[in-house]
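Observations on the model geometry
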Amino acid sequence: MQPVSLFELATHQARWLSVRQAAVAGNVANINTPGYRAVDVQPFQDLLADRTLTVASTQPGHIAFGGASGDFGLSEDDSPVVSTSGNSVSVEEELVKAGEVRRGVELNTAIVKAFHRMVMLASR
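These remarks concern the structure in this document. (Residues numbered from 1 in each chain as written. Predicted model: local features only at pLDDT ≥ 70, side-chain atom pairs only at ≥ 80, totals over all residues. Heavy atoms only, no water.)

Under the counting rule described, the total for this entry stands at five salt bridges. Ionic pairing is found between Asp40 and Arg20, a salt bridge with its closest N-O pair at 3.0 Å. On the criterion of sequence distance, the pair formed by Asp40 in strand E1 (residues 39–41) and Arg20 in helix H1 (residues 6–29) is long-range, its members being 20 residues apart. Since its relative accessible area comes to 11%, Asp40 is described here as buried. Given the relative accessible area of 10%, Arg20 is considered buried. Notably, a salt bridge pairs Glu94 with Lys97, separated by 3.4 Å at the nearest N-O pair. Taken as a pair, Glu94 and Lys97 lie in helix H3 (residues 91–123) at a separation of three residues, close to a single helical turn. Put simply, Arg20, Asp40, Glu94, Lys97 and Glu100 are held in one network by salt bridges that share partners. (Salt bridge = Lys/Arg side-chain N within 4 Å of Asp/Glu carboxyl O. Helix = DSSP H or I, 4+ residues; strand = E, 2+ residues; numbered from the N terminus. Buried < 20%, exposed > 50% of the residue type's maximum accessible area, 1.4 Å probe, protein only.)

Take a look at the structure:
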């Protein structure tokens, strides 16, 4: 049994967000490349569903918890081809993805700050 580390989970999500941002940036950079197929990463929720983390119970009344981790490999986006050159990158979709990444980073940062404050208050 391994304990759930909230900081480790937040770090894992931050790495996933970094990989997704790189995929979005690569798609935008290749927007005029003939035959380029847009790529994206597996959703973070799917990564959490792949593997279960278990929590060590220290009290008989503790409730079991599940979570997970995984690799974030790139895969071709299932978008239909939108240009005659065979390029499947859509500027609008990439902007939406970039906005999702930005919101994810902001939320992740806020959560880590809250965890940090909680640990600091508990240690005082």
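Next up on the list: the side chain of Asn27. By the secondary structure assignment, Asn27 is in helix H1. On the basis of relative accessibility, which here comes to 0%, the residue Asn27 falls in the buried class. A polar atom in the side chain of Asn27 sits 3.0 Å from the side chain of Tyr36. When neighbours within four sequence positions are excluded, Asn27 is seen to be in contact with Tyr36, Ala38, Val39, Val89, Glu94 and Lys97. (Polar contact = N/O pair within 3.5 Å; in protein donor to acceptor, adjacent residues only side chain to side chain. Contact = heavy atoms within 4.5 Å.)

Formed by Trp16, Leu17, Val41, Phe44, Leu47 and Val101, the largest nonpolar core amounts to six residues. For this core, the secondary-structure elements that each account for two or more residues are H1 and helix H2 (44–50). With five residues, the next largest nonpolar core counts Tyr36, Ala38, Val39 and Val89 among its residues. (Core = buried A, V, L, I, M, F, W, Y, C linked by side-chain atoms within 4.5 Å.)

What follows covers the packing of H1 against H3. For the pair H1 and H3, the least separation of the axes is 10 Å and the interaxial angle reads 160°. In this view, H1 runs roughly antiparallel relative to H3, as classed from their interaxial angle. Remark: the crossing between H1 and H3 carries left-handed chirality. In contact with Leu6, Phe7, Ala10, Gln13, Ala14, Leu17, Arg20, Gln21, Val24, Asn27 and Val28 of H1, H3 contributes Glu94, Lys97, Ala98, Glu100, Val101, Gly104, Val105, Asn108, Val112, Phe115, His116 and Val119. In terms of residue class, the contact of H1 with H3 is made up of 13 nonpolar, six polar and four charged. (Axes fitted to C-alpha atoms, helices over the stretch in contact; angles between N-to-C directions. Parallel < 35°, antiparallel > 145°, perpendicular 65-115°, else oblique. Left-handed = near helix turned anticlockwise from the far one by under 90°. Nonpolar A, V, L, I, M, F, W, Y, C, P; charged D, E, K, R; others polar.)

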